[in-house]
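Coordinates in review
What follows is the residue order along each chain.
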Amino acid sequence: MTFLKTLGVAAAVTAGLAAATTANAKDLAIGMMCDRTGPTAVTGTVLCPGYHDYIDLVNSKGGVMGNKIVANEIDIEYKVPPAVEAYQRFKQDGAVLISPYGTPMVAALLKTMEEDKIPGTSAGFGTAAAANGEKYPYMFPIAASYWSQTAAAVKFIKDKFGGDLKGKKVAYIFYDNPAGREGIPVMTHLAKKEGFEWREFAVPAPGLEMGAQILDITRRFRADFIIAHVFGRAPAVMLKELKRSGYPMDKVIGLVWAVSEGDIAAAGGWDVAEGYNTIQFAGVGSDYPVLQQIRDMYKANGKEQPKEMDFTVYYNRGVFQAAMHVKAIENAVKKKGSADITGEDVRDGMRAIKDFSLDGLLPPLQLSAKDHEGGGFVRVFQVQKGKYVPVTDWYRAYREDVLKLLEEEHKG
Amino acid sequence: MFHRECGYYKTTYESDQAILPFPIAKQAIVGFLILFLLVFPLFASEYYLSQLCLVGIAVVGALGLNILLGYTGQISIGHAAFMSVGAYTAANLVTRIEIFGGPLPFWIAIPAGGCMAALVGLVVGIPSLRVKGLYLAIATLAAQFIIEWTINHSPSISGGAAAAIEVQRPSILGWHLNDQWELYLFVMFFAILAIIATTNLIRSRVGRALIAIRDQDIAAEIIGINVFKYKLYAFAISSFFAGVTGVLYMYYFSIATYEQFQIVVSIDFLAMCIIGGLGSIVGTIFGAFFIIMLPVMIRLVMEFIGPWFMDPSYLPQVIGQLRLIFFGGLIIVFLILEPEGLNRLWQNIRNYFRVWPFSY
C-alpha cells in the first residue's frame, strides 16, 4: 500500500502546486512551449527571452486594455510527451492561446487543440498545408511557410539573373527529414514553369557532415545558385564547407532556419558568411522601434539589456510571436468588450489581424478565416560587413502557384 | 502487519499455481482496479488523466522491451522503430480501408499494427543467434535507422512529403472516444491486457525458456531448448508489444509521424526497463511512471520553491537546465543505491513490513 500512499501524496502535492500557480481571473494566460534544452536549444534560448520581453513590455504599459498578460512557459525538450503534458497544464490553467513548439509537437496537438477550441501558432514549422484555415481552424502558421519561402527564393534568384532563369542550374540542399523536403514540390513545379534545371542534395541527420554534397554542388553539378534549407547545427557546417570550396556566398540563399547569428559565429565569424543571402519572415537587426522600447524598459528598471538581444534573428522572432499573440488577444478583448474571452474569441481575433507590421519588424500581415499564413511575405537580408542588410522589401512570389499546390495537396 | 504468509494451505494444484497466491494480493489488485478504472476517470482532472494515458502507453512498450531485455537478455536499441512500424501500419489501414461504413475499427488496427511490427522484429532478430551483447545492440541500432529511413523515404508508407498521417480517434460502435477519460480507459484497457499477458507469458513454457536463455544460453541449448527459435519468439513478442504501443500513440495523438519514434525514444524505453528493474513486471510499471512523471514533478517543485531564492523572471531559464541536471542525477543516484531498480526498492520495503514490527 506504500505505492498507493506515495501516489496520493504526489497527487495532492501537484494539485496544490497547480492551484498555487493558476493565474487569477483578470489575467489573460498564454501557454508557451519552449525548447531551452534538447536538440533545438540553439533557437529556444534566444527566442523565448524575446517572447517574454515583449510580454513584459506590454504589461509595463498597462497590458491589454488594463488586463495583464501572463505567459506561462514550459520547456519541452523538443519531445512529444512533455508537449502533451505542457498543453494539458496550460489548458487547466485556463490559457486562451497555446503556442506549441516544433513540427512533431504541432502534429501531435493539432487535433486536440481543435477539439478544445484553443488556438495556437506554429511560426516557422509545421507543414505548408496548415496555412489553410478551413481545414485547420485553430492552427496559425502566421509566418511564410516553407513553400512560400522556396517560391520567394526562386523569385530572388530570377531577379538576380535579370528575370530569366532558362537553362540555369539551381541546387536545393536540404536536411533530410519531412520539414526539409517540404520545398521539393514547389521546386519541381517552378522548375517546369521557369525552365531552370535543379537537383536536390539531401543532408542526412544530424547534418554535421556535408563535404560531399557541397563538393557535388560546386564541382560536379556546378550550380549557378544554391537554395539551402538546413537547420539545427547544420547551417554552420554548410557555411564552413562553402567557404572552403570557394563558392561565392552571394549566390547562396538560405531559408529561415539557416541564417542565425549563432550559426555564423559557429562557422567562424562574419567574414565567412560575407555576401550570404537569408530569407526572413520577421525583420532582423536592432533598428526597430519596438526593440528600442524593450531596451528603454530595461534601462528604466536599471538593468543591462539582455545578451540575447544581440542574436536578432531568433530574438526578433520571439518578439514577433509575442506581438501576434497579444494582438489576437487584444482584438478578442476589444470585440467582446471584456477580458472574459475564450479560445474561440482569440481565434477570431487572430483572423482579424490586418496590416499589422509592428513598425516594420513584420511584413504587412493579412490573416483571414481562410489564410492562416498571413500572405506568405518574406524579406531577404544579406550579410554585409558584420551585419544583416535588407536587400529587398517585403515581398511574396508565385502566390497563385503556391495556393494551387496547396489545393492539390488537400485534394490528394 | 497487514498480512501473514503462513496459514494458507494449498490443497489443489490450481491454488498452488495461482498467479496471486494470497488473498491480500487479490484485494490489492481489486483496490488498484477500482482506483485506476473508477476513481481516476471520475475524479481526476484532465491534466492527470492525460499524464496517466502517457504512462499507460509507455507501460505497454516498456513491458515489451522488458520481455526482450529483462527476461531473454537480448538488448534492443530499435524499440521505437518497431513502434513506428505499428503506427504506420495501422494509420495506413485505418485511412485506406473502410468497412461497416466507417474507417477500420481499432480492434483490427491494433493487432494488425502489432503483427506487422512482430514480422519486422523477426527479421531484425535473426542476427541475435550469431551476435550478442554490444554487437546485438549495434545490429538493432541499425534497424532503428533503416526503418526510420524507409518510412521517411517511401511516400506510399508515410503518406507524402510530410511523413505524417492523420487519423480519427478510435470509436466503439459509432461512439468516438474524444474526451480524455474515454481515451484514458481505452489506453488502460490495453495496458492491463499487456500486464496480464506478460505475467502469464513468463509463467509459461516459452517464458521459462526465455529465462533459461538469459541465465546461460549454452546451458539452455544443452538441456534441449532451441535457442534460435526462442530468441526469435522473444523478438517477435517484444516487437508486437512495441507495435501496439505505436498504434496507441497514433490513436492518442490522432496522427502517425515518424518524428515521435526516434532513437531518443528507444533510449527512454531502455531507461524505463533498467531503472524499473530488469525482468520484473511491477518494476516496468514503476519505470514508466518514473521516467514520464519525474521531469514533471521536478518542474512543479522547482516552480514552487524557485521564487524563494531567485528572481522569478529567471525561473523559466533555469528550470529547464535544473530539470535535466536533477533528472540525470537522480538516475545515477538510483542506480548506485539500488542497481536492481525500483522493483528492488519496492521488494525491500515489502520485506521490511512483512515481519514488522517484529523484525528479529
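Residues numbered from 1 in each chain as written. Chains lettered and ligands numbered in written order. Predicted model: local features only at pLDDT ≥ 70, side-chain atom pairs only at ≥ 80, totals over all residues.

**Observations regarding the overall build of chain B**
Looking only at helices and strands, chain B has 15 helices and 6 strands in total. Since a compact globule built from 360 residues should have a radius of gyration of about 21 Å, the 22 Å found for chain B is in line with a globular shape. With respect to the three principal axes, the spread of C-alpha positions in chain B is 70 × 65 × 45 Å. Expressed as a percentage of its 360 residues, the buried residues of chain B come to 44%. (Helix = DSSP H or I, 4+ residues; strand = E, 2+ residues; numbered from the N terminus. Rg over C-alpha atoms; globule rule 2.2 N^0.38 Å. Buried ≥ 20, exposed ≤ 12 C-beta atoms within 10 Å, placed from the backbone.)

**Describing helix H13 (residues 281-309) of chain B**
In this model, H13(B) (29 residues) spans 41 Å end to end at C-alpha, consistent with the 42 Å of a helix rising 1.5 Å per residue. Of all the bends in H13(B), the greatest reaches close to 40° and is centred on B:Met293; the proline B:Pro295 follows between one and four positions later. (Expected span 1.5 Å × (residues − 1). Bend = angle between axes of the 7 residues up to and from the residue.)

**Comments concerning the sheet that holds strand E1 (residues 28-34) of chain A**
Residue and element names in this part refer to chain A. Across the sheet, which stays open at both edges, the 3 strands sit in the order E2-E1-E3 with parallel pairing between neighbours. Both edges of this open sheet fall to strand E2 (69-75) and strand E3 (97-99), since each of them pairs with a single strand only. Adjacent strand axes in the sheet meet at a mean angle of 15° when their direction is disregarded. Across 3 bridges, E1 lies against E3 in parallel orientation. Looking at E3, one finds that Ile-30 is bridged to Leu-97. The strands touched by helix H13 (residues 312-336) are E1, E2 and E3; relative to E3, the strand with the most contacts, the crossing angle is about 165°. (Pairing = 2+ DSSP bridges. Axes fitted to C-alpha atoms, helices over the stretch in contact; angles between N-to-C directions. Contact = placed C-beta atoms within 7 Å.)

**Overview of helix H15 (residues 341-354) of chain B**
Residues and elements named next belong to chain B. Taking 1.5 Å as the rise per residue, H15 with 14 residues should run 20 Å; its terminal C-alpha atoms sit 20 Å apart, in good agreement. Buried within H15 are the following residues: Gly-341, Leu-342 and Asn-343. Considering only its buried residues, H15 is in contact with helix H12 (263-276) and H13.

**Side note on the pairing of strand E10 (residues 277-280) of chain A**
All names here are of chain A. On E10, burial covers both faces: Asn-277 and Ile-279 on one face and Thr-278 and Gln-280 on the other are all buried. Note that strand E9 (residues 252-254) and E10 share 2 bridges and pair parallel. Residue pairing in the sheet places Ile-253 in a bridge with Asn-277 of E10.

**What about the confidence of the model for chain A?**
Residue and element names in this part refer to chain A. Residues with a pLDDT of 70 or more make up 93% of chain A, whose mean pLDDT is 86. Within the model, the stretch residues 1-7 combines pLDDT values under 50 with 1 contact to residues more than four positions away or in other chains. For residues 9-25, every residue scores under 50 in pLDDT, and the model assigns this stretch 13 contacts once sequence neighbours within four places are set aside. (pLDDT = per-residue confidence, 0-100.)

**Describing the environment of A:Tyr247**
For A:Tyr247, the location among the structural elements is in the loop between helix H9 (234-245) and E9. C-alpha separation for the pair A:Tyr247 and A:His52, spaced 195 residues apart in sequence, amounts to 40 Å.

**Observations concerning the pairing of E2(A)**
Sheet faces and side chains relate simply in a regular strand, where the side chains alternate between the two faces. Residue and element names in this part refer to chain A. Burial within E2 is extensive, with 7 of its 7 residues counted as buried. Side chains of E2 alternate between two faces, with Ile-69, Ala-71, Glu-73 and Asp-75 and Val-70, Asn-72 and Ile-74 buried alike. Bridge count for E1 against E2 is 7 bridges, and the pairing is parallel. If you follow Ala-29 over to E2, its bridge partner there is Val-70. Note that the unit made of E1, helix H2 (residues 41-60) and E2 has a crossover that is right-handed. (Right-handed = clockwise from strand over helix to strand, strands pointing away.)

**Observations concerning unusual backbone geometry**
All names here are of chain A. The backbone phi angle of Ile-142 is positive, close to 50°, even though this residue is not glycine. By C-beta crowding, Ile-142 is classed as buried, having 26 other C-beta atoms within 10 Å. The backbone of Asp-355 shows a phi angle near 50°, a positive value even though the residue is not glycine. Tracing the backbone shows Asp-355 in strand E11 (residues 354-356).

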